[in-house]
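Here's the letter readout for the chains.
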Amino acid sequence: MREQERIREASAPTGAFEYMSHSLLFEGASGDDALKIPAHDALGAAGSNCSSSGSDGRGNAAGSSSNGPDPATGSDRCGNAAGSGRNDLELHDSEIRDFGQSVPGFGFGAFGSDAPEANAFKSAAPELDVPESDAVLKPDAPEFDNAPIGVFDSGYGGLTVAREIAALMPHESIVYFGDTARCPYGPRDPHEVAEFVQQIGRWLTARNVKMLVIACNTATAAGLERAQQTFSVPVRGAVEPGARAAARATHNGRVGVIGTKGTIESDCYPRAIRAIDAGLTVFSIATPRFVEIVENGIRLSKGPIEDLTSMASKAYIRPSFQAIAREYLEPLRRCHVDALVLACTHYPLLKALIGGVMGHKVLLVSSSEALAHDVRATLTARRQTASPDAVPVYEFYTTSEALDDFHDFGSRVFNRPIAHPIHVSLSELE
């Protein structure tokens, strides 16, 4: 049995949650034979629990208020999101989905129940397997390749990936492209985003990059497959490495995912995680205002360029930001996830804020870190890493005409000065 649920915040002034859809599709049934249960009324009661399957559509198990899994199926459903404070915060497009079933044998502990200090968190980006196709080399393959790595994103967020690549592979040159003029990608149509990926991919491959790195989860979900079919160089995206890291990190089989509206609605992470381990349960929620928090925090932090985590702790641990984070993340806390994927390249800057809300027992999985490890593993297997004596060159391009802003904000995210970013007009991409 496969069950999908969506909870979206209603656009009505009350700020209540509206139960948009709830359907059960039994295995072996299709078309008119599929049993579907229509949606129930609005949701909005605070303090509801994550309940087992067989719920009444309001997050409560029939005849039970238990947080634990159903003893028969082991599946869980996330309950109602907290209804208090929604009007004041004006949170929109937030969404929770629960996919799959838990595998028998996993233990379900009550994680994330304590609120630790703001910086009490963990992160994980385990070493990643190289896709088998990348491990097959020609006997005469060169030992090193000093060509640059092409990295692109909808704006500044992808610089967290470039930062991780530079730290992990200090001899690699990078050409970074930030499509800031068309940012954010999250609310855009996936077909439009896929075309953006093609445009920027062509622009970067014309500069002889040895690999394309789609450092945007929304762009990865919309355009990775087509890009891999189009371009002759390896193309890597953020979703699969993050999914592998999350599948390895969880101990209780319950994984949370936070990202933009486009990433969450694509269902790319639940599919990728459950393709690795079909026994895992994945809870996803769109957190679009976190992108605003990141950019506002960068503007509020006017001091010298600092260590990423230190800067994040100082810039983002503010009462207004904490209130938004609690509203977004409380439903995931009640679902007792023990691994949380930061499925947006902006979000590593919010580790201190997110970790403070989720608790020190919840492992934060950075898609940026995981993608950087995947890039290194792929280039190593293909014998395309830069030579040990190579001097790295970092080039930065943006579709924004506000080059001073890109320099200032980008330098803080990249954690080193960005010298002379270059403007690229949208007409040059067409």
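In this text, all values refer to a predicted model and were calculated from it rather than measured experimentally.

Draft legend 1. View of the UniProt feature "active site" (unreviewed entry) in the protein chain. If you check UniProt for "active site" (unreviewed entry), the listed places come out as Cys216 and Cys344 in our numbering. These residues run over 129 residues, yet every pair of their C-alpha atoms falls within 6.7 Å of each other. Tracing the backbone through its elements, the reader meets Cys216 in the loop between strand 9 (211-214) and helix 4 (217-230). Judged by its relative accessible area of 5%, Cys216 is buried. Leaving out residues up to four positions away in the same chain, Cys216 has contacts with Phe152, Asp153, Ser154, Tyr185 and Thr345. Structurally, Cys344 can be placed in the loop between strand 13 (339-342) and helix 11 (351-358). The residues contacting Cys344, other than those within four sequence positions of it, are Asn217, Ile258, Thr260, Val291 and Ser367.

Draft legend 2. Inspection of unusual backbone geometry at higher detail. Put simply, Cys183 and Pro184 share a cis peptide bond, and its omega is 5°. Along the chain, the position of Pro184 falls in the loop between strand 8 (174-178) and helix 3 (190-205). We note that His336 has phi near 60°; this positive angle belongs to a residue other than glycine. The residue His336 is located in the loop between helix 10 (319-334) and strand 13 in this model. Owing to a relative accessible area of 14%, His336 belongs among the buried residues under this scheme. In this model, Arg383 sits at a positive phi of 55°, which is unusual for a non-glycine residue. Here Arg383 shows up in the loop between helix 12 (367-381) and strand 15 (394-398). The exposure class of Arg383 is partly exposed, given its relative accessible area of 38%.

Draft legend 3. A look at the state of the cysteines. A complete count under the given rule lists zero disulfides for this structure. Between Cys216, a free cysteine, and Cys344, which holds the nearest cysteine sulfur, the sulfur-to-sulfur gap is 7.0 Å. Residue classification places Cys344 among the buried residues on the basis of a relative accessible area of 7%.

Draft legend 4. Region of interest: the pairing of strand 11 (residues 254-259). Counting buried residues in strand 11 gives six out of six residues, a clear majority hidden from the surface. Burial along strand 11 is two-sided: the residues Arg254, Gly256 and Ile258 and Val255, Val257 and Gly259 are all buried. Alignment of strand 11 against strand 12 (residues 281-286), held across six bridges, turns out to be parallel. Bridged to Arg254 within strand 12 is Thr281.

Draft legend 5. Structural detail: the pairing of strand 8. With respect to burial, strand 8 is a largely interior element, five of its five residues being buried. Taken together, the five bridges between strand 7 (residues 149-153) and strand 8 define a ladder with parallel strand orientation. When the sheet's bridge partners are listed, Asp153 is paired in strand 8 with Gly178. What joins strand 7 to strand 8 is helix 2 (residues 159-168), and the crossover it makes is right-handed. Note: strand 8 against strand 15, five bridges, orientation parallel. Along strand 15, the bridge assignment pairs Gly178 with Thr398.

Draft legend 6. Representation of the confidence of the model for the protein chain within the structure. Taken residue by residue, the protein chain gives an average pLDDT of 73. The fraction at 70 or more is 62%. Residue range residues 1-128 is modelled with pLDDT below 50. Its contacts to residues more than four positions away, or to other chains, number 313 contacts.

Draft legend 7. Representation of the nonpolar core. Ile258, Phe290, Leu329 and Ile354 are the most contacted members of the largest nonpolar core, which totals 52 residues. Core analysis: the second largest hydrophobic core is formed by 23 residues, Phe177, Leu212, Cys216 and Ala219 among them.

Calculation criteria
Residues numbered from 1 in each chain as written. Predicted model: local features only at pLDDT ≥ 70, side-chain atom pairs only at ≥ 80, totals over all residues. Heavy atoms only, no water. UniProt positions renumbered as here; feature names shortened; annotations may be inferred. Helix = DSSP H or I, 4+ residues; strand = E, 2+ residues; numbered from the N terminus. Buried < 20%, exposed > 50% of the residue type's maximum accessible area, 1.4 Å probe, protein only. Contact = heavy atoms within 4.5 Å. Disulfide = S-S within 2.5 Å. Pairing = 2+ DSSP bridges. Right-handed = clockwise from strand over helix to strand, strands pointing away. pLDDT = per-residue confidence, 0-100. Core = buried A, V, L, I, M, F, W, Y, C linked by side-chain atoms within 4.5 Å.

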